[in-house]
Amino acid sequence: MATDLTAPRSGVRPDVASIQRRTLRLLFTTQIIGGIGVTIGIAVGALLAARIAGTAVAGVAQSAGVVGAALLAVPVTRIMARHGRRPGLVLAYAVGAVGGVLVVLAAATRWVPLLFLGMLLFGGGTAANLQARYTAVDLAEPARRGRQLSLIVWATTIGAVAAPNFAALADRVTTGWGLPPLAGPFAFSAAAFVLAAVVLLGLLRPDPLLTARRLAAADTPAADRPSAADATATAVAAEAPAAGGAGRPAAAPVGVRAPRAAGMRAAWSVVRGQPAARLGIAAVAVGHLVMVAVMAMTPVRLGESHADADVLRLVGIVLSLHIAGMYAFSPVVGWLTDRLGRRAVILGGVGLLLAACAVAGTAGHHTPRLSVGLVLLGLGWSGTMVAGSTLLSESVAPGVRPSVQGLSDLIMGLAGAGAAVVSGFVMQFAGYPVLTLLAAVAVVPLVALALRPVPTGAPDEEG
């Protein structure tokens, strides 16, 4: 997997448009499969953890999956930076499948440490789904980056919206096989991750990231190409702006392989020197923090006021609506991102997150109103995720881009994990309304950053 065997011959320029269309179709398919795997586990993860380890620890167990996705982003993006997108995505899905199997074993043995380990590795499926959105823009035209990134985010809708409703069916089927209650959905998740990994391993050729680097190197005179020692420094250069806030490739080229120095330390140096990149990372991280904090404890909230026989059905309905808010309208969000600019859509997402916290926090045990709050929560997450990811991707040069994207997913994951851990304790000792209030307060720093004046030449302001 470390070599792109289908790379174009030297001197032959690849058909970028054709490769991009094929890549988008493939990513679209695997996002559906991966979305089913991730969501069917998330739908019952908190309930399973609560029954094995208690309500307060349910948030900790749920956060283990978020931490796993965050930590796995580091080795996955390091592999991508050196060898391309394909081996990184395959590794992430494979780790997620192992995690699903371990959760099933933990449910059978009721061994809490094994449950935490399984949930930690289960985050590999989330890591793969998140990295796929960046894969979609490696070869995208500048004016279409937001739309093509959002298309891959939207693909998750098809599998993810239906997946929570499959949880009850999977549970009934696997209970007949002898598996304990709530373990079956994780067995189905493991199978979905394996299928996605096999499809990507066989079909993601040529690798879009390696192709993008090859084109950048080919378009630069040999005398002007930087050495490996200079690559990190040249990677700091931001991409030039284009109409509507989309960036064009940076003037500083990079070779086919990223330099060894382009790791997390180099990524952090790039982000510190680039205001647009900082805003992109902050939008993604804060939006995810608020979404995870409220969403993770919603099944527990429903369990407080409904009988066990109805909880899975209601959780499936409410989470399906929430996930529809996250993904179903992402093409519209992507179009607005290209049309109105990244910053405007980020601020719109913030407004929706605040509205979601207000509606869900005051819903009491009124399930329809709670469902409306969860839909708004998903829409706000979509705005911050799509616009923030697009802004981040176009704010840095290709040589350091995978590392910066990995840093973003690491920060996002740790923020969500912290929210999930705290949410369980807040839920037990203060209640759901206080949880939503604290989530709303967490949005305030992002508002300040988004409204902060940007120096002339920022990628999302010129043009």
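Presented here is a report on the structure given in the accompanying data block. (Residues numbered from 1 in each chain as written. Predicted model: local features only at pLDDT ≥ 70, side-chain atom pairs only at ≥ 80, totals over all residues. Heavy atoms only, no water.)

1. Description of the overall build of the chain
At step 1: Helix and strand content of the chain: 17 helices and 2 strands.
At step 2: A burial count over the chain gives 58% of its 463 residues as buried.
At step 3: The contacts in the chain between residues at least 6 apart in sequence include a share of 84% that link residues at least 24 apart. (Helix = DSSP H or I, 4+ residues; strand = E, 2+ residues; numbered from the N terminus. Buried < 20%, exposed > 50% of the residue type's maximum accessible area, 1.4 Å probe, protein only. Contact = heavy atoms within 4.5 Å.)

2. Quick look at the packing of aromatic side chains
At step 1: Evaluation of the coordinates by the stated rule reveals 5 aromatic pairs.
At step 2: Summarising the aromatic geometry, the rings of tyrosine 93 and phenylalanine 193 are spaced 6.0 Å apart at their centres and angled 35 degrees between planes, so their arrangement reads as tilted. Taken as a pair, tyrosine 93 in helix H3 (residues 85-109) and phenylalanine 193 in helix H6 (residues 184-203) lie far apart in primary sequence, 100 residues in all.
At step 3: We classify tyrosine 93 as buried; its relative accessible area is 1%.
At step 4: Overall, the relative accessible area of 0% leaves phenylalanine 193 in the buried class.
At step 5: Look at phenylalanine 122 and phenylalanine 186: their rings are 5.2 Å apart centre to centre, the planes differ by 70 degrees, and that puts the pair in the edge-to-face class. Of this pair, phenylalanine 122 sits in helix H4 (residues 112-135) while phenylalanine 186 sits in helix H6, and the two are 64 residues apart along the sequence.
At step 6: Classification of phenylalanine 186 by relative accessible area gives buried; the value is 0%.
At step 7: Taken together, the aromatic side chains of Tyr93, Phe122, Phe186 and Phe193 make up a single cluster linked through ring pairs. (Phe/Tyr/Trp six-rings, centres within 6.5 Å; stacked < 30°, edge-to-face > 60°.)

3. With respect to helix H14 (residues 367-394)
At step 1: The end-to-end C-alpha distance of H14 is 41 Å, a good match for the 40 Å that 28 residues give at a rise of 1.5 Å each.
At step 2: The buried fraction of H14 is high, at 23 of 28 residues. (Expected span 1.5 Å × (residues − 1).)

4. Examining unusual backbone geometry
At step 1: The residue after arginine 205, namely proline 206, is reached through a cis peptide bond having omega -5 degrees.
At step 2: Among the structural elements, proline 206 can be located in the loop between H6 and helix H7 (208-218).
At step 3: Although it is not a glycine, arginine 110 adopts a positive phi angle of roughly 55 degrees.
At step 4: For arginine 110, the location among the structural elements is in the loop between H3 and H4.

5. Looking at the pattern of salt bridges
At step 1: All chains considered together, the criterion is met by 6 salt bridges.
At step 2: With its nearest N and O atoms 2.7 Å apart, the salt bridge here joins glutamate 394 to arginine 342. Within this pair, whereas glutamate 394 is found in helix H14, its partner arginine 342 is found in helix H13 (residues 342-361), the two being separated by 52 residues in sequence. Of the two residues, glutamate 394 and arginine 342, neither departs from the other in class, the shared state being buried.
At step 3: Here the residues in one salt-bridge network are Arg145, Arg147, Asp338, Arg342 and Glu394, joined through shared partners. (Salt bridge = Lys/Arg side-chain N within 4 Å of Asp/Glu carboxyl O.)

6. Considering the nonpolar core
Within soluble globular proteins, side chains that are nonpolar generally end up buried alongside one another.
At step 1: One finds Leu48, Leu115, Phe186, Val290, Leu377 and Tyr432 to be the most contacted residues of the largest nonpolar core, which totals 111 residues.
At step 2: It is helix H10 (residues 275-305) that provides the largest number of residues to this core, a total of 16 residues.
At step 3: Apart from the residues within four sequence positions on either side, leucine 48 is in contact with Val103, Ala107, Leu115, Pro181, Leu182 and Phe186.
At step 4: Membership of the second largest hydrophobic core comes to 12 residues, among which are Tyr134, Met264, Leu392 and Val396. (Core = buried A, V, L, I, M, F, W, Y, C linked by side-chain atoms within 4.5 Å.)

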